[in-house]
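# Results of the structural survey
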Amino acid sequence: MIDRSGEIPQIVVFRQNQFRPSEVFIRQQAESLTRYRPLYVGRASFGPAPPGREALFLNGGGSRVTPTALWQMLTRDPGPYLRLLGERRPALIHAHFGVDGVQILPLARRLGIPLVTTFHGFDATLKTQAFLRSPAWFNYPLFRASLARHGAFFLCASEFIRSRVLAMGFPPERTRTHYLGVDCRAIVSRESGEETRTVLHVARLVEIKGTEILIRAFAVAARSRPGWRLEIIGDGPLRSRLEALARDCGVKEAVDFLGVRPHEEVMMRMRRSAMVVLPSIEPEDGRREGLGMVLLEASAIGLPVIGSRSGGIAEAMREGETGLLVPPGDPQALAAALATLMDDPARRLAMGARGREFVIRNFDRVRQTKRLEALYDTLLQKSSPLDQSLNLF
(Lines give C-alpha, C1' and ligand atoms only; values in the text may rest on other atoms or scores of the structure.)
Protein backbone atom coordinates (compact mmCIF):
# COMPACT_ATOMS: atom_id res chain seq x y z
CA MET A 1 0.00 0.00 0.00
CA ILE A 2 1.30 3.47 -0.94
CA ASP A 3 0.03 6.65 0.69
CA ARG A 4 -1.00 9.72 -1.30
CA SER A 5 2.50 11.17 -1.24
CA GLY A 6 3.88 8.06 -2.89
CA GLU A 7 5.75 7.01 0.25
CA ILE A 8 5.43 3.74 2.09
CA PRO A 9 3.18 4.34 5.12
CA GLN A 10 4.83 4.31 8.51
CA ILE A 11 3.35 2.35 11.40
CA VAL A 12 4.24 2.45 15.07
CA VAL A 13 5.36 -0.89 16.49
CA PHE A 14 4.66 -0.35 20.17
CA ARG A 15 6.04 -2.22 23.14
CA GLN A 16 6.63 -0.42 26.42
CA ASN A 17 9.89 -2.34 26.94
CA GLN A 18 11.30 -2.71 23.44
CA PHE A 19 13.88 -5.17 22.14
CA ARG A 20 13.94 -7.66 24.99
CA PRO A 21 16.14 -10.65 24.04
CA SER A 22 13.24 -13.00 24.80
CA GLU A 23 10.90 -11.10 22.45
CA VAL A 24 12.85 -11.16 19.20
CA PHE A 25 9.65 -12.26 17.45
CA ILE A 26 8.30 -8.68 17.61
CA ARG A 27 11.25 -7.30 15.67
CA GLN A 28 11.22 -10.23 13.27
CA GLN A 29 7.59 -9.62 12.32
CA ALA A 30 8.08 -5.88 11.89
CA GLU A 31 11.23 -6.34 9.81
CA SER A 32 9.37 -8.70 7.48
CA LEU A 33 6.97 -5.96 6.38
CA THR A 34 7.43 -4.94 2.75
CA ARG A 35 4.70 -2.33 2.22
CA TYR A 36 4.84 -0.57 5.58
CA ARG A 37 7.75 1.04 7.48
CA PRO A 38 8.08 0.21 11.18
CA LEU A 39 8.79 2.96 13.69
CA TYR A 40 9.65 1.40 17.05
CA VAL A 41 8.20 3.30 20.01
CA GLY A 42 8.23 2.49 23.70
CA ARG A 43 9.00 3.55 27.23
CA ALA A 44 12.45 1.94 27.41
CA SER A 45 14.89 -0.09 25.34
CA PHE A 46 16.55 -3.36 26.35
CA GLY A 47 18.60 -3.78 23.19
CA PRO A 48 19.60 -2.11 19.92
CA ALA A 49 17.13 -1.19 17.21
CA PRO A 50 17.40 -3.02 13.88
CA PRO A 51 20.01 -1.37 11.63
CA GLY A 52 18.69 1.64 9.79
CA ARG A 53 15.44 1.79 11.78
CA GLU A 54 14.14 4.70 13.82
CA ALA A 55 13.28 4.02 17.45
CA LEU A 56 11.83 6.50 19.96
CA PHE A 57 11.76 6.06 23.74
CA LEU A 58 10.29 8.16 26.52
CA ASN A 59 13.43 7.70 28.60
CA GLY A 60 15.73 8.49 25.67
CA GLY A 61 17.07 4.93 25.51
CA GLY A 62 18.27 2.28 27.92
CA SER A 63 16.21 0.68 30.66
CA ARG A 64 16.14 3.40 33.32
CA VAL A 65 12.83 4.80 34.57
CA THR A 66 12.47 8.55 34.09
CA PRO A 67 9.78 10.80 35.63
CA THR A 68 8.13 11.26 32.22
CA ALA A 69 8.07 7.53 31.57
CA LEU A 70 6.70 6.82 35.04
CA TRP A 71 3.98 9.46 34.64
CA GLN A 72 2.85 8.00 31.33
CA MET A 73 2.91 4.47 32.73
CA LEU A 74 0.63 5.44 35.60
CA THR A 75 -1.75 7.81 33.79
CA ARG A 76 -1.79 6.61 30.15
CA ASP A 77 -1.48 10.27 29.18
CA PRO A 78 -0.87 10.40 25.39
CA GLY A 79 0.97 13.72 25.69
CA PRO A 80 4.49 12.34 26.19
CA TYR A 81 4.17 10.09 23.15
CA LEU A 82 2.68 12.90 21.06
CA ARG A 83 5.71 15.03 21.87
CA LEU A 84 8.00 12.10 21.13
CA LEU A 85 6.45 11.63 17.68
CA GLY A 86 6.80 15.31 16.84
CA GLU A 87 5.73 15.90 13.23
CA ARG A 88 5.52 12.20 12.43
CA ARG A 89 2.03 11.00 11.61
CA PRO A 90 1.92 7.19 11.50
CA ALA A 91 -0.90 5.48 9.65
CA LEU A 92 -1.50 2.84 12.32
CA ILE A 93 -0.25 1.54 15.67
CA HIS A 94 0.49 -2.15 16.26
CA ALA A 95 0.87 -2.89 19.97
CA HIS A 96 2.36 -6.15 21.19
CA PHE A 97 0.71 -7.62 24.31
CA GLY A 98 -2.65 -6.56 25.65
CA VAL A 99 -1.09 -4.48 28.43
CA ASP A 100 0.62 -2.36 25.78
CA GLY A 101 -2.57 -2.03 23.78
CA VAL A 102 -4.29 -0.56 26.83
CA GLN A 103 -1.36 1.76 27.43
CA ILE A 104 -1.23 3.21 23.91
CA LEU A 105 -4.98 3.30 23.19
CA PRO A 106 -5.32 6.98 24.25
CA LEU A 107 -2.62 7.94 21.73
CA ALA A 108 -4.32 6.03 18.91
CA ARG A 109 -7.62 7.74 19.71
CA ARG A 110 -5.98 11.18 19.90
CA LEU A 111 -4.34 10.62 16.50
CA GLY A 112 -7.49 9.09 15.04
CA ILE A 113 -5.67 6.03 13.69
CA PRO A 114 -6.37 2.29 14.01
CA LEU A 115 -4.83 0.28 16.84
CA VAL A 116 -4.00 -3.39 16.26
CA THR A 117 -3.10 -5.39 19.36
CA THR A 118 -1.45 -8.80 19.42
CA PHE A 119 -1.98 -11.01 22.48
CA HIS A 120 0.95 -13.34 23.10
CA GLY A 121 0.37 -15.22 26.36
CA PHE A 122 0.42 -13.80 29.88
CA ASP A 123 -1.81 -10.92 28.77
CA ALA A 124 -4.60 -13.43 28.12
CA THR A 125 -3.99 -15.86 30.97
CA LEU A 126 -2.56 -14.16 34.06
CA LYS A 127 -5.00 -13.71 36.92
CA THR A 128 -6.31 -10.20 37.56
CA GLN A 129 -4.72 -9.97 41.01
CA ALA A 130 -1.26 -10.29 39.48
CA PHE A 131 -1.89 -7.35 37.15
CA LEU A 132 -3.22 -5.17 39.96
CA ARG A 133 -0.09 -5.78 42.03
CA SER A 134 2.18 -4.36 39.31
CA PRO A 135 2.55 -0.59 38.75
CA ALA A 136 3.32 -1.30 35.09
CA TRP A 137 0.25 -3.49 34.59
CA PHE A 138 -2.49 -2.31 36.94
CA ASN A 139 -4.14 -0.21 34.21
CA TYR A 140 -4.69 -3.32 32.12
CA PRO A 141 -7.67 -4.91 33.94
CA LEU A 142 -9.09 -1.43 34.59
CA PHE A 143 -9.17 -0.39 30.91
CA ARG A 144 -9.28 -3.74 29.09
CA ALA A 145 -12.97 -3.29 28.26
CA SER A 146 -12.15 0.07 26.68
CA LEU A 147 -9.53 -1.61 24.50
CA ALA A 148 -12.11 -4.20 23.44
CA ARG A 149 -14.53 -1.42 22.42
CA HIS A 150 -12.16 0.95 20.69
CA GLY A 151 -9.30 -1.20 19.35
CA ALA A 152 -9.48 -1.77 15.61
CA PHE A 153 -8.43 -5.43 15.57
CA PHE A 154 -7.05 -8.09 17.91
CA LEU A 155 -4.60 -10.77 16.85
CA CYS A 156 -3.82 -13.84 18.96
CA ALA A 157 -0.63 -15.91 18.96
CA SER A 158 -2.60 -19.18 18.96
CA GLU A 159 -6.11 -20.59 18.97
CA PHE A 160 -5.66 -21.21 22.68
CA ILE A 161 -4.93 -17.54 23.29
CA ARG A 162 -7.87 -16.50 21.11
CA SER A 163 -10.21 -18.59 23.26
CA ARG A 164 -8.93 -16.77 26.35
CA VAL A 165 -9.23 -13.34 24.71
CA LEU A 166 -12.82 -14.04 23.68
CA ALA A 167 -13.59 -15.15 27.23
CA MET A 168 -12.39 -11.72 28.40
CA GLY A 169 -15.09 -10.10 26.29
CA PHE A 170 -13.27 -9.13 23.11
CA PRO A 171 -15.47 -9.05 19.97
CA PRO A 172 -15.26 -12.27 17.90
CA GLU A 173 -15.63 -10.39 14.62
CA ARG A 174 -12.46 -8.40 15.34
CA THR A 175 -10.43 -11.12 17.05
CA ARG A 176 -8.43 -13.62 15.00
CA THR A 177 -5.58 -16.08 15.43
CA HIS A 178 -2.48 -14.94 13.57
CA TYR A 179 0.66 -17.05 13.89
CA LEU A 180 3.75 -14.82 13.81
CA GLY A 181 5.58 -17.18 11.48
CA VAL A 182 9.13 -18.40 10.93
CA ASP A 183 11.49 -17.32 8.14
CA CYS A 184 11.53 -20.65 6.33
CA ARG A 185 13.56 -19.25 3.42
CA ALA A 186 16.41 -18.07 5.64
CA ILE A 187 16.44 -21.19 7.84
CA VAL A 188 18.17 -24.03 6.03
CA SER A 189 17.39 -27.60 7.04
CA ARG A 190 20.36 -29.08 8.87
CA GLU A 191 22.24 -32.19 7.79
CA SER A 192 22.06 -35.27 9.99
CA GLY A 193 25.84 -35.16 10.44
CA GLU A 194 25.57 -31.83 12.29
CA GLU A 195 23.74 -33.43 15.20
CA THR A 196 25.42 -33.90 18.58
CA ARG A 197 24.04 -35.59 21.68
CA THR A 198 22.64 -32.34 23.03
CA VAL A 199 19.23 -31.50 24.43
CA LEU A 200 18.54 -27.77 23.97
CA HIS A 201 16.26 -25.59 26.10
CA VAL A 202 15.77 -21.92 25.19
CA ALA A 203 13.71 -19.89 27.66
CA ARG A 204 13.66 -17.22 30.31
CA LEU A 205 14.49 -18.86 33.62
CA VAL A 206 11.11 -18.31 35.21
CA GLU A 207 8.63 -20.76 36.68
CA ILE A 208 6.31 -21.22 33.71
CA LYS A 209 9.07 -22.50 31.40
CA GLY A 210 9.46 -25.73 33.37
CA THR A 211 13.26 -25.70 33.44
CA GLU A 212 13.26 -27.38 36.86
CA ILE A 213 11.18 -30.26 35.46
CA LEU A 214 13.58 -30.58 32.54
CA ILE A 215 16.67 -30.79 34.74
CA ARG A 216 15.06 -33.50 36.89
CA ALA A 217 13.95 -35.41 33.79
CA PHE A 218 17.35 -35.10 32.13
CA ALA A 219 19.04 -36.43 35.25
CA VAL A 220 16.88 -39.57 34.99
CA ALA A 221 17.18 -40.06 31.22
CA ALA A 222 20.90 -39.33 31.00
CA ARG A 223 21.84 -41.59 33.92
CA SER A 224 22.06 -44.65 31.67
CA ARG A 225 22.98 -42.70 28.54
CA PRO A 226 26.44 -41.18 29.08
CA GLY A 227 27.65 -38.48 26.75
CA TRP A 228 24.40 -36.57 26.53
CA ARG A 229 24.41 -32.89 27.46
CA LEU A 230 21.73 -30.32 28.30
CA GLU A 231 22.26 -26.76 27.09
CA ILE A 232 20.11 -24.04 28.65
CA ILE A 233 20.02 -20.68 26.86
CA GLY A 234 18.41 -17.83 28.75
CA ASP A 235 18.58 -16.07 32.07
CA GLY A 236 16.23 -15.05 34.80
CA PRO A 237 15.55 -14.97 38.55
CA LEU A 238 15.65 -18.76 38.94
CA ARG A 239 19.13 -19.28 37.51
CA SER A 240 21.03 -19.80 40.78
CA ARG A 241 18.35 -22.15 42.08
CA LEU A 242 18.42 -24.17 38.87
CA GLU A 243 22.21 -24.40 38.91
CA ALA A 244 21.98 -25.74 42.45
CA LEU A 245 19.36 -28.25 41.33
CA ALA A 246 21.62 -29.53 38.55
CA ARG A 247 24.34 -30.07 41.16
CA ASP A 248 21.95 -31.82 43.56
CA CYS A 249 20.70 -34.10 40.77
CA GLY A 250 24.24 -35.13 39.93
CA VAL A 251 24.30 -33.65 36.42
CA LYS A 252 26.17 -30.40 37.04
CA GLU A 253 28.97 -31.39 34.64
CA ALA A 254 26.50 -32.29 31.90
CA VAL A 255 24.37 -29.13 32.07
CA ASP A 256 25.57 -25.87 30.52
CA PHE A 257 23.88 -22.63 31.61
CA LEU A 258 24.78 -20.35 28.72
CA GLY A 259 22.81 -17.24 29.67
CA VAL A 260 21.30 -14.93 27.08
CA ARG A 261 22.76 -15.43 23.61
CA PRO A 262 22.23 -13.58 20.31
CA HIS A 263 19.52 -15.08 18.15
CA GLU A 264 22.09 -16.07 15.52
CA GLU A 265 23.98 -18.14 18.10
CA VAL A 266 20.75 -19.72 19.33
CA MET A 267 20.00 -20.90 15.79
CA MET A 268 23.54 -22.19 15.38
CA ARG A 269 23.28 -24.22 18.58
CA MET A 270 19.93 -25.57 17.44
CA ARG A 271 21.53 -26.92 14.28
CA ARG A 272 23.86 -29.14 16.26
CA SER A 273 21.33 -30.25 18.87
CA ALA A 274 19.40 -33.50 18.82
CA MET A 275 16.12 -32.00 20.04
CA VAL A 276 14.58 -28.88 21.54
CA VAL A 277 12.45 -29.12 24.69
CA LEU A 278 9.90 -26.65 26.12
CA PRO A 279 8.23 -28.36 29.13
CA SER A 280 6.14 -25.38 30.27
CA ILE A 281 4.13 -25.82 33.45
CA GLU A 282 0.95 -24.18 34.74
CA PRO A 283 1.72 -21.84 37.67
CA GLU A 284 -0.94 -20.85 40.17
CA ASP A 285 -0.96 -17.26 38.85
CA GLY A 286 -2.72 -18.56 35.73
CA ARG A 287 0.06 -17.78 33.29
CA ARG A 288 0.12 -20.13 30.27
CA GLU A 289 2.37 -20.57 27.24
CA GLY A 290 0.99 -18.78 24.19
CA LEU A 291 2.54 -20.96 21.49
CA GLY A 292 6.26 -21.66 21.76
CA MET A 293 8.10 -19.95 18.89
CA VAL A 294 11.32 -21.76 19.77
CA LEU A 295 9.63 -25.05 18.87
CA LEU A 296 8.71 -23.70 15.43
CA GLU A 297 12.26 -22.52 14.78
CA ALA A 298 13.60 -25.91 15.84
CA SER A 299 11.19 -27.71 13.53
CA ALA A 300 12.14 -25.40 10.64
CA ILE A 301 15.77 -26.47 11.11
CA GLY A 302 14.71 -30.12 11.11
CA LEU A 303 14.76 -31.02 14.80
CA PRO A 304 12.22 -33.05 16.73
CA VAL A 305 10.65 -31.19 19.63
CA ILE A 306 9.20 -32.05 23.02
CA GLY A 307 6.65 -29.86 24.74
CA SER A 308 4.07 -30.04 27.47
CA ARG A 309 0.37 -30.33 26.85
CA SER A 310 -0.30 -26.82 28.10
CA GLY A 311 -1.47 -23.54 26.59
CA GLY A 312 -0.87 -23.27 22.86
CA ILE A 313 2.16 -25.58 22.69
CA ALA A 314 0.22 -28.38 20.98
CA GLU A 315 -0.43 -26.02 18.04
CA ALA A 316 3.33 -25.81 17.39
CA MET A 317 3.63 -29.50 16.46
CA ARG A 318 1.84 -32.59 15.25
CA GLU A 319 1.95 -34.93 18.21
CA GLY A 320 3.77 -38.16 17.44
CA GLU A 321 4.80 -36.92 13.98
CA THR A 322 6.96 -33.82 14.53
CA GLY A 323 7.34 -34.02 18.30
CA LEU A 324 6.15 -35.43 21.58
CA LEU A 325 3.80 -33.96 24.20
CA VAL A 326 3.92 -34.75 27.91
CA PRO A 327 1.74 -33.71 30.86
CA PRO A 328 2.94 -30.42 32.40
CA GLY A 329 4.94 -30.76 35.59
CA ASP A 330 5.64 -34.50 35.19
CA PRO A 331 9.41 -35.19 35.21
CA GLN A 332 8.96 -38.94 34.83
CA ALA A 333 6.87 -38.56 31.68
CA LEU A 334 9.37 -36.05 30.32
CA ALA A 335 12.27 -38.38 31.12
CA ALA A 336 10.52 -41.14 29.16
CA ALA A 337 10.02 -38.81 26.18
CA LEU A 338 13.67 -37.75 26.29
CA ALA A 339 14.78 -41.39 26.43
CA THR A 340 12.55 -42.27 23.50
CA LEU A 341 14.25 -39.75 21.24
CA MET A 342 17.74 -40.26 22.68
CA ASP A 343 17.57 -43.95 21.80
CA ASP A 344 16.17 -43.61 18.27
CA PRO A 345 18.27 -41.54 15.81
CA ALA A 346 16.11 -42.63 12.87
CA ARG A 347 12.97 -41.36 14.58
CA ARG A 348 14.68 -38.07 15.40
CA LEU A 349 15.60 -37.63 11.75
CA ALA A 350 12.12 -38.51 10.48
CA MET A 351 10.38 -36.26 13.01
CA GLY A 352 12.67 -33.39 12.11
CA ALA A 353 11.94 -33.75 8.40
CA ARG A 354 8.19 -33.82 9.00
CA GLY A 355 8.55 -30.88 11.38
CA ARG A 356 10.10 -28.70 8.69
CA GLU A 357 7.29 -29.60 6.27
CA PHE A 358 4.74 -28.75 8.97
CA VAL A 359 6.25 -25.32 9.63
CA ILE A 360 6.57 -24.45 5.94
CA ARG A 361 2.93 -25.39 5.40
CA ASN A 362 1.48 -23.58 8.41
CA PHE A 363 3.90 -20.98 9.76
CA ASP A 364 5.82 -19.45 6.85
CA ARG A 365 6.58 -15.84 7.80
CA VAL A 366 6.37 -14.48 4.26
CA ARG A 367 2.82 -15.75 3.91
CA GLN A 368 1.87 -14.61 7.40
CA THR A 369 3.29 -11.14 6.77
CA LYS A 370 1.25 -10.80 3.58
CA ARG A 371 -1.85 -11.57 5.62
CA LEU A 372 -0.87 -9.01 8.23
CA GLU A 373 -0.31 -6.32 5.62
CA ALA A 374 -3.64 -7.16 4.00
CA LEU A 375 -5.26 -6.51 7.41
CA TYR A 376 -3.46 -3.16 7.64
CA ASP A 377 -4.75 -2.34 4.14
CA THR A 378 -8.32 -3.14 5.15
CA LEU A 379 -8.15 -1.05 8.30
CA LEU A 380 -6.77 1.94 6.42
CA GLN A 381 -9.31 1.77 3.61
CA LYS A 382 -12.18 3.12 5.60
CA SER A 383 -14.60 2.67 2.73
CA SER A 384 -14.05 -1.10 2.88
CA PRO A 385 -16.21 -3.02 5.36
CA LEU A 386 -14.09 -4.45 8.16
CA ASP A 387 -15.62 -7.89 7.90
CA GLN A 388 -13.78 -8.43 4.59
CA SER A 389 -10.69 -8.99 6.73
CA LEU A 390 -12.21 -12.14 8.18
CA ASN A 391 -10.94 -14.13 5.20
CA LEU A 392 -7.35 -13.04 5.75
CA PHE A 393 -6.53 -15.54 8.51
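Quantities reported herein were computed from a predicted structural model and do not represent experimental measurements.

## Looking at the packing of aromatic side chains
The full count for this structure, using the stated rule, is 14 aromatic pairs. For the pair F19 and F57, a centre-to-centre distance of 6.1 Å together with 80° between the ring planes defines the contact as edge-to-face. With F19 in the loop between β2 (17–18) and α1 (24–31) and F57 in strand β5 (residues 55–57), this residue pair connects regions lying 38 residues apart in the sequence. Note on F122 and F131: the rings are 6.2 Å apart at their centroids and 35° apart in plane angle, and the pair reads as tilted. Comparing F122 with F131, the two get one shared label, buried. Pairwise contacts between aromatic rings join F97, F122, F131, W137 and Y140 into one cluster. A cation over a ring is seen here: R76 above F143, with NZ or CZ 4.0 Å from the ring centre. Residue placement shows R144 over the ring face of Y140; its charged tip is 4.8 Å from the ring centre.

## Here's the deal with unusual backbone geometry
Phi angles above zero are rare outside glycine, and F19 is one such case at about 60°. Even without being glycine, R76 reaches a positive phi, approximately 65°. The residue R76 is located in the loop between α2 (67–75) and α3 (79–85) in this model. Here R76 falls in the buried class, since its relative accessible area comes to 10%.

## A short note on the side chain of E23
Note on placement: E23 falls in the loop between β2 and α1. Setting aside chain neighbours within four positions, we find E23 in contact with R15, N17 and F97.

## Looking at the pattern of salt bridges
Under the criterion given, the structure shown has 23 salt bridges. Overlapping salt bridges, with partners in common, bring together E231, R261, E265 and R269 in one network.

## Some remarks on the side chain of R190
Within the secondary structure, R190 sits in the loop between β9 (175–177) and β10 (198–202). A distance of 2.8 Å separates a polar side-chain atom of R190 from the backbone oxygen of S273. Here R190 is in contact with E195, M270, R271, R272, S273, A274, I301, G302 and L303, once residues within four sequence places are set aside.

## Brief notes about the environment of W137
Inspection of the secondary structure puts W137 in the loop between α6 (128–132) and α7 (139–150). W137 sits in the partly exposed class, given a relative accessible area of 24%. Between the C-alpha atoms of W137 and V102, which are 35 residues apart in sequence, the distance is 9.5 Å. Leave out the neighbours within four places in its chain, and W137 touches V99, F122, L126, A130, F131 and R287.

Thresholds, definitions, all that
- Residues numbered from 1 in each chain as written.
- Predicted model: local features only at pLDDT ≥ 70, side-chain atom pairs only at ≥ 80, totals over all residues.
- Heavy atoms only, no water.
- Phe/Tyr/Trp six-rings, centres within 6.5 Å; stacked < 30°, edge-to-face > 60°.
- Helix = DSSP H or I, 4+ residues; strand = E, 2+ residues; numbered from the N terminus.
- Buried < 20%, exposed > 50% of the residue type's maximum accessible area, 1.4 Å probe, protein only.
- Lys NZ or Arg CZ within 6 Å of the ring centre and 35° of its normal.
- Contact = heavy atoms within 4.5 Å.
- Salt bridge = Lys/Arg side-chain N within 4 Å of Asp/Glu carboxyl O.
- Polar contact = N/O pair within 3.5 Å; in protein donor to acceptor, adjacent residues only side chain to side chain.

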